[in-house]
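Observations on chain architecture
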Amino acid sequence: MRRRLAVALAAAAVASLAVAPAAADDDDGFLGKARLRLAVDDCPAPPALDEAAMAARFTEHYNRGAVVYLQGDYQGAIGEFVAAYCLIPKASLLRDIAQAYERSVRYELAVAYLERFVRGTEDATERRNAASRVQVLSGLRSTIRVATEPANAVVTVRNLQGVRGSAVANTDDVIELPAGDYTMTIELPNYQPVETALTLGIGQPYSYSYRLVPRTGRLRVQTVPGDARIVVDDRIAGVGAFDGEVALGRHRVEVDRAGWIPGTRSVEVTDHASTDVSVELDRPPASGRWLAVTSAAALTGYLAGTVTVFSQDAGTTGGTSVAGVAVGGVLGYLLIPPDIRQSTASLLATTAVAGLLDGLQLGALLERTDNVTNTMAAGGAVLGAAAGALVVRKYDLTDGEAALVNSGLLWGSTSGVLFTQVFGGGDRTALAITAAGVNVGLVAGAVLAKRYPVSRRRAVYIDLAGAAGLIAGLAIQNAAQASGTGNNNESRAHFTLGGMAVGLGLGVFLTRNQDATVLRVKAPTASPTVTPVWDGGGGRGLVVGIGGAL
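Residues numbered from 1 in each chain as written. Predicted model: local features only at pLDDT ≥ 70, side-chain atom pairs only at ≥ 80, totals over all residues. Heavy atoms only, no water.

So, the overall build of the protein
Along the protein, the regular secondary structure elements total 14 helices and 16 strands. Here the protein holds 550 residues, and 35% of them are scored as buried. Residue pairs in contact within the protein that sit at least 24 positions apart in sequence constitute 59% of those at least 6 positions apart. When the accessible area of the protein is evaluated, it comes to approximately 32000 Å², of which 60% is carbon and sulfur surface. (Helix = DSSP H or I, 4+ residues; strand = E, 2+ residues; numbered from the N terminus. Buried < 20%, exposed > 50% of the residue type's maximum accessible area, 1.4 Å probe, protein only. Contact = heavy atoms within 4.5 Å. Areas by Shrake-Rupley, 256 points an atom, 1.4 Å probe, with all protein chains shown as cover.)

What to know about the nonpolar core
The biggest cluster of nonpolar side chains holds 32 residues, and the ones touching the most others in it are Val40, Val82, Ile97, Tyr101 and Tyr113. When contributions to this core are tallied by element, the ones reaching two or more residues are α2 (51-70), α3 (74-87), α4 (91-103), α5 (107-120) and α6 (124-138). Among the elements that line this core, the one with the most residues is α5, at nine residues. Filtering out sequence-adjacent residues up to four positions away, Tyr113 remains in contact with Leu38, Ala39, Val40, Val82, Leu94, Ile97, Ala98 and Tyr101. (Core = buried A, V, L, I, M, F, W, Y, C linked by side-chain atoms within 4.5 Å.)

Focus on the state of the cysteines
Under the defined criterion, the tally for this structure stands at one disulfide. The side chain of Cys43 participates in a disulfide bridge whose partner is Cys86; the two sulfur atoms lie 1.9 Å from each other. One quick way to see it: the torsion about the S-S bond of Cys43 and Cys86 is about -70 degrees, and its sign makes the bridge left-handed. Of this pair, Cys43 sits in the loop between α1 (2-26) and α2 while Cys86 is found in helix α3, placing the two residues 43 residues apart along the sequence. Judged by relative accessible area, Cys43 falls into the partly exposed class, the value being 28%. You can call Cys86 buried: its relative accessible area is 17%. (Disulfide = S-S within 2.5 Å.)

Topic: α3
Compared with the 20 Å implied by 1.5 Å per residue over 14 residues, the 20 Å span of α3 between its first and last C-alpha is a close match. What α3 keeps buried is the set Ala77, Ile78, Glu80, Phe81, Val82, Ala84, Tyr85, Cys86 and Leu87. In this fold, the buried residues of α3 make contact with α2, α4 and α5. (Expected span 1.5 Å × (residues − 1).)

Considering the environment of Gln421
Looking at where Gln421 falls in the secondary structure, it is placed in helix α11 (residues 399-423). Residue Gln421 is classed as partly exposed on the basis of its relative accessible area of 36%. When the C-alpha atoms of Gln421 and Ser491 are compared, they prove to be 8.7 Å apart, with 70 residues separating the residues in sequence. The residues touching Gln421, leaving out its near neighbours within four places in the chain, are Asn489, Glu490 and Ala493.

Some words on the pattern of salt bridges
Side chains that differ in sign of charge can pair as their charged atoms come close. Inspection of the entire model under this criterion finds 13 salt bridges. Here Arg116 ties to Asp41 by a salt bridge, and the two come within 3.1 Å at their closest N and O atoms. Of this pair, Arg116 sits in helix α5 while Asp41 is found in the loop between α1 and α2, placing the two residues 75 residues apart along the sequence. Its relative accessible area of 9% is what places Arg116 among the buried residues. Among the residues examined, Asp41 registers a relative accessible area of 23% and is labelled partly exposed. A salt bridge links Asp256 to Arg229; the nearest nitrogen and oxygen atoms lie 3.1 Å apart. Taken as a pair, Asp256 in strand β12 (residues 249-256) and Arg229 in strand β9 (residues 229-232) lie far apart in primary sequence, 27 residues in all. The exposure class assigned to Asp256 is partly exposed, which follows from its relative accessible area of 23%. Among the residues examined, Arg229 registers a relative accessible area of 36% and is labelled partly exposed. Sharing partners across several salt bridges, the network here consists of Glu60, Arg64 and Glu80. (Salt bridge = Lys/Arg side-chain N within 4 Å of Asp/Glu carboxyl O.)

Description of the packing of α2 against α3
Interhelical geometry of α2 versus α3 gives an angle of 165 degrees and a closest axis separation of 8 Å. Relative to α3, the element α2 lies roughly antiparallel. Between α2 and α3 lies a crossing of left-handed hand. Contacts between α2 and α3 pair Met54, Arg57, Phe58, His61, Tyr62, Arg64, Gly65, Ala66, Val68 and Tyr69 from the former with Tyr74, Gly76, Ala77, Glu80, Phe81, Ala83, Ala84 and Leu87 from the latter. (Axes fitted to C-alpha atoms, helices over the stretch in contact; angles between N-to-C directions. Parallel < 35°, antiparallel > 145°, perpendicular 65-115°, else oblique. Left-handed = near helix turned anticlockwise from the far one by under 90°.)

Quick word on the side chain of His61
Mapped onto the elements, His61 comes out in helix α2. For His61, a relative accessible area of 18% puts it in the buried group.

Here we look at the sheet that holds strand β14 (residues 275-280)
As summarised here, the arrangement of the three strands in space is β11-β8-β14, forming an open sheet in which the pairing is mixed. The outermost strands of the open sheet, each flanked by one partner alone, are β11 (241-247) and β14. The average undirected angle you get between the axes of adjacent strands in this sheet is 25 degrees. Strand direction decides the pairing type here: strand β8 (residues 216-224) and β11, joined by seven bridges, are antiparallel. Residue pairing for β11: Arg218 is matched across the bridge by Glu245. (Pairing = 2+ DSSP bridges.)

What about the sheet that holds strand β10 (residues 235-239)?
Taking strand neighbours across the sheet as the criterion, the four strands line up as β10-β9-β12-β13 in an open arrangement whose pairing is antiparallel. Pairing within the sheet leaves two strands with one partner each, and these edge strands are β10 and β13 (263-269). Sheet twist, expressed as the average angle between the axes of neighbouring strands with direction ignored, equals 25 degrees. Summarising the sheet, β12 and β13 pair through seven bridges and their orientation is antiparallel. Among the inter-strand pairings, Val253 is bridged to a residue of β13, identified as Arg265.

Considering a nonpolar patch on the surface
Residues Trp290, Val327, Val330, Leu331, Tyr333, Leu334 and Leu335 make up a contiguous nonpolar surface patch of about 790 Å² in total accessible area. Of note, Leu335 is situated in helix α8 (residues 314-335). The exposure class assigned to Leu335 is exposed, which follows from its relative accessible area of 68%. (Patch = residues over 30% accessible without salt bridge, like charges linked within 9 Å, V, L, I, M, F, W, Y side chains within 5 Å.)

Concerning the packing of aromatic side chains
The geometry of an aromatic ring pair is captured by the separation of the ring centres together with the interplanar angle, meaning the angle of the planes. This model, assessed by the stated rule, comprises four aromatic pairs. Each ring, one from Tyr69 and one from Tyr74, has its centre 5.4 Å from the other, and the planes form 70 degrees; the classification is edge-to-face. Overall, the relative accessible area of 18% leaves Tyr69 in the buried class. An aromatic cluster of three or more residues is present, and its members are Phe58, Tyr62 and Phe81. Here Arg512 stacks its cationic end above the ring of Phe509, 4.2 Å away from the centre of that ring. (Phe/Tyr/Trp six-rings, centres within 6.5 Å; stacked < 30°, edge-to-face > 60°. Lys NZ or Arg CZ within 6 Å of the ring centre and 35° of its normal.)

Right, dumping it as structure tokens:
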């Protein structure tokens, strides 16, 4: 029993002695790092040569390797040195192979061969020098450069110790790191981040290129009218409505339909909630050609009549005026473009009328004769039309803005006439007050049009309310006159002015929701209701009321 145990222990000792060199060769000095497989570990079986022939072949390979090394063929030198080592494994050849790998910028293999040389050489000085070279080469840093599409993503490299470096993609920024294992993260707002594992060698340049995938959010588009075409970023997205995923960020939404004015919106899509867009198209501005032609005919006829008024012949003046109307109408039809806007034609007519009224009043103030008054009225109309042309050329007026200017002229002129009854005075005072009303009303209408955009329909409703208030004021004055009070012109003017002011104020208030559809807000609605009811005795009746919703 003791003999068998001694034999087993002896066998185990022999086995351990046989394995020890291999274990020593596998130890590369780095914990947790696998040793590179070297070419000298896979040498073929040595040829059956005597010692002299083996030495001669060794010398042949070594000398050839030294020559090609000097010629810069480092890969060829490595092959010759490895062949020589496989014939006669001299430790110095490991250092030569390491130098060839270092010259070819393959530092991992250079370090591996130098480490093998350190373990194989017996010269302490050479071992120390080689170990120092290993330390220098192992400290060489690798560089990381990243390009992304789109550009300028933020690149961050980290390991277990935290962030080790960062840079901006598509720039000259590089990240320099020692060899090891890392995690690289690439981030750009509104794009999905990229994360990848890196294993960096020693002193190597690394370049990476990535096409980033955009993050998406929900975009919903609704149009009025419901069959309008929707284009998102130059791509047709649907008709009437769109509900889908798009990349995060700012997008251009275009909506168009034949016969409507195209609409464009710029929207920001986020990933927190769906982005809802409502686009309501407007009808093209109404053509004001016939209004412009009629105004041109009237102005031309008035100017023609003014030229002949000095003849003191009513027949000649009337005929010339009729001819002027005809010529003005024909020329206006031929020269005025068909697509002239309603607002343009309306403003030109308004300014011409305002100039005519100013000319009439100024002529009446300066001279009592009809010739001078008519001439100044004609000149004022021309100047007013010219001023209107300059305004519409500089400013893009809407129909509602032009309507407010018209309303200002209408109610300013009316107020001026009524105030002449309130303040009394002579003819010159009345003319001055009327002229002031005309011009103040025109300026007030222009200021309101600039500050408060309204639709033409709302302006018409306000004018109707003002007219209704004026009539109501007259009616109240007539009732007061019938009762024995308020029987003079001043009293009539007071009631009329008050009714007009109340009517205009009510018109503004009652039509405050008239343009609410532009803001996607519903105005209050009301409708009559008739409900049948029965009493306890079986009688039947009807309850009439008004129902609606806010």
